[in-house]
Amino acid sequence: MIGAALGRGEREHRAVQAELSDALAAEAFIAHYQPKISLATGELVGFECLARWQANKRDLIAPDVFIGCAEQTGQIHELTRQVYRYALTWRPPDIGGKPLKYALNLSPLNLGDEDFPRWLFEECKAQGIAPSQVILEITETASLNNPLVLLENLTQFRIRGFELSIDDFGVGYSSMVQLARLPFSELKIDRMFVKSLATSEESMKIVSAVIGLGHSLGLNVVAEGVEGSQALELLYRAGCDQAQGYFIAKPMSHQAAALWQATCGRQDG
Ligand code: C2E
Ligand code: CA
Ligand code: CA
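Bear in mind that the values here come from a model prediction, so they are computed numbers and not experimental data.

Engineer: Give me the overall build of the protein chain: which residues, what numbers.
Structural biologist: Of regular secondary structure, the protein chain possesses 10 helices and 9 strands. Looking at the 269 residues of the protein chain, the share that counts as buried comes to 47%. Counted over contacts in the protein chain with a minimum sequence separation of 6, partners at least 24 positions apart contribute 67%. Of the roughly 13,000 Å² that the protein chain leaves accessible, carbon and sulfur atoms contribute 52%.

Structure, rendered in structure tokens:
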């Protein structure tokens, strides 16, 4: 039902809502963790926490299937809280005395939830996590079109010490003017450009230009979707700050991420 639900009639809408309600009640929404590394040092800097629906013991449903539905039914607010609470419960060991960062994905609809910044602040406090360890990734979409409302909403996170990242940069609606005006501290280059880096001169030029733009605005620049050593090398040479992708590691359960960190992530003794 869930996969075919978008854009269907009232009956389907209610069925999807009921299915999501059951999953929420069962606390079936969890997170998987994908390492983010520094290109300068090769060191692990944090994890992106990606939503998963644990439908049963073996089956994990990907976010593309349910996030859009939850946005349509209005259940995205509860779902986001459930995923975040799960994601922040795992505490990876510090690296070189520096606590690792959690990158969390935010739906543009979450920005309309006035209580959310306060809720997240309290949640972090309860878990002993500093807000500066949390980066909220927001996809640049048409909803970023009203800069004044957006600025007010984003500021609510910034004044509490959270970092903000603009996700999927290059495929959406952002303009340089907006980027400079809004309180982002990080820019993530969309994986579409990273994928063709080694084979397309055009992609290489775009990526280099985006890295330059990000740095000139004082932003940390991250490349996602790194699938090979060549792309990693090119990004390093182009001055990109951080990278993420299957070549480094796929998103994993926290048990697998802990093992990965212990064997590949260079942690303290
Ligand atoms: P995203 O934020 O752009 O996340 C990156 C996606 O790329 C993830 O897909 C990740 O598994 C995948 N990926 C990572 N490395 C590679 C690579 O080297 N190659 C390729 N081809 N793919 C790679 P995933 O986990 O299926 O998430 C899809 C999208 O769902 C995310 O895209 C994000 O927009 C959304 N999403 C995930 N979790 C949440 C959440 O908690 N809340 C909201 N609102 N959206 C979420
Ligand atoms: Ca993301
Ligand atoms: Ca992305």
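Back to the text.
Engineer: Explain the packing of aromatic side chains to me, using residue names and the numbers behind them.
Structural biologist: Inspection of the entire model under this criterion finds 10 aromatic pairs. Centre to centre, the rings of Phe116 and Trp119 are 5.6 Å apart; their planes meet at 15 degrees, and the pair counts as stacked. A residue pair is termed a helical-turn pair when its members lie 3 or 4 positions apart in one helix, as Phe116 and Trp119 do in helix H4 (residues 116–127) at 3 residues. Between Phe157 and Phe162 the ring centres are 6.2 Å apart and the planes differ by 70 degrees, which places this aromatic pair in the edge-to-face class. By relative accessible area, Phe157 is classed as buried at 1%. In textbook terms, an aromatic cluster arises when at least three aromatic residues are bridged by ring pairs, as seen for Tyr84, Phe116, Trp119, Phe157 and Phe162.

Engineer: Any details on the coordination of the calcium ion (ligand 3)? Residues and values, ideally.
Structural biologist: In this structure, Asp167 (OD), Asp168 (OD), Glu224 (OE) and Glu224 (OE) serve as the protein donors to the calcium ion (ligand 3), at separations of 2.0 to 2.8 Å. For the pair the calcium ion (ligand 3) and the calcium ion (ligand 2), the metal-to-metal distance amounts to 4.4 Å, and Asp167 bridges them. One end of the pair, Asp167, is in strand E6 (residues 163–169); the other, Glu224, is in the loop between strand E8 (220–223) and helix H9 (229–237), and 57 residues separate them in sequence.

Engineer: Requested: an account of the coordination of the calcium ion (ligand 2), with residues and values cited.
Structural biologist: Each protein donor to the calcium ion (ligand 2) is listed here as Glu48 (OE), Asn105 (OD1), Glu137 (OE) and Asp167 (OD); together their distances run 2.1 to 2.4 Å. Counting residues between consecutive donors of the calcium ion (ligand 2) along the chain gives the motif E-x56-N-x31-E-x29-D. The exposure class assigned to Glu48 is buried, which follows from its relative accessible area of 5%. Given a relative accessible area of 28%, Asn105 falls into the partly exposed group.

Engineer: Can you tell me about helix H3 (residues 76–89), naming the residues and giving the values?
Structural biologist: Taking 1.5 Å of rise per residue, the 14 residues of H3 would be expected to cover 20 Å, and the 20 Å separating its terminal C-alpha atoms lies within 8% of that figure. Every buried residue of H3 is accounted for by Ile76, Leu79, Thr80, Arg81, Gln82, Val83, Tyr84, Ala87 and Leu88.

Engineer: So what about the layout of surface pockets? Which residues, and what values?
Structural biologist: By volume, the largest pocket amounts to about 1,100 Å³. Lining of the largest pocket is provided by 37 residues; of these, Glu48, Leu50, Pro63, Asp64 and Asn105 occupy positions nearest its centre. Residue assignment for the lining of the largest pocket shows that the elements contributing at least two residues are strand E2 (44–54), helix H2 (63–73), H3, strand E4 (101–106), strand E5 (134–139) and E6. Volume-wise, the second largest pocket comes out at about 300 Å³. Together, 17 residues line the second largest pocket, and Val45, Lys98, Pro99, Lys101 and Gln242 are the ones closest to its centre. When contributions to the lining of the second largest pocket are tallied by element, the ones reaching two or more residues are strand E1 (29–38) and E2. Residue classes in the lining of the second largest pocket are distributed as 6 nonpolar, 5 polar and 6 charged.

Engineer: Help me get a handle on the site of ligand 1, residues and values and all.
Structural biologist: Taken together, 22 residues sit near ligand 1, with Ala51, Arg52, Arg191, Glu227 and Tyr246 positioned nearest. Taking Gln34, its side chain carries an N or O atom lying 3.0 Å from a nitrogen atom of ligand 1. Take Tyr246: an N or O atom from its main chain is 2.8 Å from an oxygen atom of ligand 1. The fraction of the free accessible surface of ligand 1 (810 Å²) that becomes covered by protein chains is 86%. Cavity membership is defined here by more than half of the atoms lying within 2 Å of grid points; on that basis ligand 1 lies in the largest pocket. Only E2, H2, E4 and E6 provide two or more residues apiece to the shell around ligand 1. Ranked by residue count, the leading element in the shell around ligand 1 is E2, at 4 residues. Its residues assigned to classes, the shell around ligand 1 comprises 9 nonpolar, 5 polar and 8 charged.

Engineer: Report on the side chain of Glu137, specifying residues and quantitative values.
Structural biologist: In this fold, Glu137 is placed in strand E5. At 2.8 Å, the side chain of Glu137 forms a polar contact with the side chain of Lys188.

Reading the values: the criteria
- Residues numbered from 1 in each chain as written.
- Chains lettered and ligands numbered in written order.
- Predicted model: local features only at pLDDT ≥ 70, side-chain atom pairs only at ≥ 80, totals over all residues.
- Heavy atoms only, no water.
- Helix = DSSP H or I, 4+ residues; strand = E, 2+ residues; numbered from the N terminus.
- Buried < 20%, exposed > 50% of the residue type's maximum accessible area, 1.4 Å probe, protein only.
- Contact = heavy atoms within 4.5 Å.
- Areas by Shrake-Rupley, 256 points an atom, 1.4 Å probe, with all protein chains shown as cover.
- Phe/Tyr/Trp six-rings, centres within 6.5 Å; stacked < 30°, edge-to-face > 60°.
- Donors = N, O, S within 2.8 Å, 3.2 Å for Na, K, Ca; no water.
- Expected span 1.5 Å × (residues − 1).
- 1 Å grid on protein atoms, 1.4 Å probe; cavity = no way out; pocket = protein on both sides within 12 Å on 5 of 7 lines; lining within 4 Å.
- Points joined across faces, edges and corners; volume = space filled by probe spheres on them.
- Nonpolar A, V, L, I, M, F, W, Y, C, P; charged D, E, K, R; others polar.
- Near = heavy atom within 4 Å.
- Polar contact = N/O pair within 3.5 Å; in protein donor to acceptor, adjacent residues only side chain to side chain.
- Sits in = over half its atoms within 2 Å of the grid points.

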